[in-house]
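Results of the structural survey
Listed here are the chains, written in short residue letters.
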Amino acid sequence: MSPSGGAPGEGAPLSERAAWVRDRIADAVRRSGRPAGSVKLVAVSKTRPLERILEVHAAGLSVFGENYIQEAEEKIPGLPGAEWHLIGRLQGNKVRRAVALFSWIQTADSARRLREISRCAAESGKTARVLIEVNLGGEGSKAGADPGDLRAILDASTGLPGVRVEGFMAIPPFSVDPEGSRPHFKRLRELRDALAREIPGAALGELSMGMSNDFEQAIGEGATIVRVGTAIFGSRQGRG
Ligand SMILES: *Cc1c(COP(=O)(O)O)cnc(C)c1O
């Protein structure tokens, strides 16, 4: 902890930054009245070199998120024991490589993509754990399924071998004030609750929402997975 009790500075050891994020998550979980350990922290490691990832892994974080297939192919073999989540856009021509690399794919956004994941996973005897990415803001430029299409996507996924749809992921429209994300988080939870009622057999327990700026708000609204990059690794240069 820094003397002020605030965030460790950019130069602080990654172990200290990781511990600070974990403490804030634990506090937010407690405040929301949920059991300890009910939120999974995905350390978002896009653009970070493997040495940094190993440092964070040594500090006790074991779940990582990557956005780009080629970058992931270079890094994941260096830490195969971790749990790796794909959190970047999944193109149809990269599904096979994605399924080989990642145990979780958080960015499926169509029935077609789910069928492709299923085919590749079944061929290799795997089961891919999948979240459907939802475009909450209705922003045309953003990835994600339209909320109105979720029912049809879930229906189409019923019975597909090799793929287990576990819930939803969303990246709300950016707002400077983290409280601005809260209505979007709430909406994703409500969408999930409604679909879980409509489709009795569906197991939609996971809500992946909240990043460095707003993961506490997300936990308050029911997130079970938060995706945190900058708060752990420091600010990113360039893309991403
Ligand atoms: C980069 C990224 C994150 C992490 O963002 P930070 O603000 O650095 O915590 C989370 N989710 C997705 C999908 C991302 O692309």
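Let us look at the structure shown here. Just so it is clear, the model here is predicted, and its values are computed rather than measured.

A closer look at the pairing of strand β1 (residues 40-44)
- Among the five residues in β1, four count as buried, and that is most of the element.
- Pairing geometry for β1 and strand β8 (residues 225-228), over four bridges, is parallel. Residue pairing in the sheet places Leu-41 in a bridge with Val-226 of β8.
- Both β1 and strand β2 (residues 63-66) contribute to a ladder of two bridges, which runs parallel. Looking at the pairing, Val-44 lines up with Gly-65 of β2.
- Handedness of the crossover joining β1 and β2 through helix α2 (residues 50-58): right-handed.

Describing the site of the ligand
- Neighbouring the ligand are 13 residues; Lys-46, Asn-67, Ser-212, Thr-230 and Arg-236 lie closest to it.
- Gly-229 is positioned such that a nitrogen or oxygen atom in its backbone is 2.8 Å from an oxygen atom of the ligand.
- Here the ligand loses 89% of its free accessible area of 390 Å² to cover by the protein chains.
- Its atoms largely coinciding with the cavity grid, the ligand occupies the largest pocket.
- Looking at the shell around the ligand residue by residue, the classes come out as six nonpolar, four polar and three charged.

A short note on the nonpolar core
- Grouped together as the largest cluster of nonpolar side chains are 64 residues, with contacts concentrated most on Ile-117, Phe-168 and Ile-232.
- If one sorts the elements of this core by residue count, helix α1 (residues 14-31) sits on top with seven residues.
- Setting aside chain neighbours within four positions, we find Ile-232 in contact with Leu-14, Arg-17, Ala-18, Val-21, Leu-41, Ala-43, Val-56 and Leu-61.
- Val-42, Leu-131, Met-169 and Ile-225 belong to the second largest nonpolar core, which has six residues in total.

What counts as what
- Residues numbered from 1 in each chain as written.
- Predicted model: local features only at pLDDT ≥ 70, side-chain atom pairs only at ≥ 80, totals over all residues.
- Heavy atoms only, no water.
- Buried < 20%, exposed > 50% of the residue type's maximum accessible area, 1.4 Å probe, protein only.
- Helix = DSSP H or I, 4+ residues; strand = E, 2+ residues; numbered from the N terminus.
- Pairing = 2+ DSSP bridges.
- Right-handed = clockwise from strand over helix to strand, strands pointing away.
- Near = heavy atom within 4 Å.
- Polar contact = N/O pair within 3.5 Å; in protein donor to acceptor, adjacent residues only side chain to side chain.
- Areas by Shrake-Rupley, 256 points an atom, 1.4 Å probe, with all protein chains shown as cover.
- 1 Å grid on protein atoms, 1.4 Å probe; cavity = no way out; pocket = protein on both sides within 12 Å on 5 of 7 lines; lining within 4 Å.
- Sits in = over half its atoms within 2 Å of the grid points.
- Nonpolar A, V, L, I, M, F, W, Y, C, P; charged D, E, K, R; others polar.
- Core = buried A, V, L, I, M, F, W, Y, C linked by side-chain atoms within 4.5 Å.
- Contact = heavy atoms within 4.5 Å.

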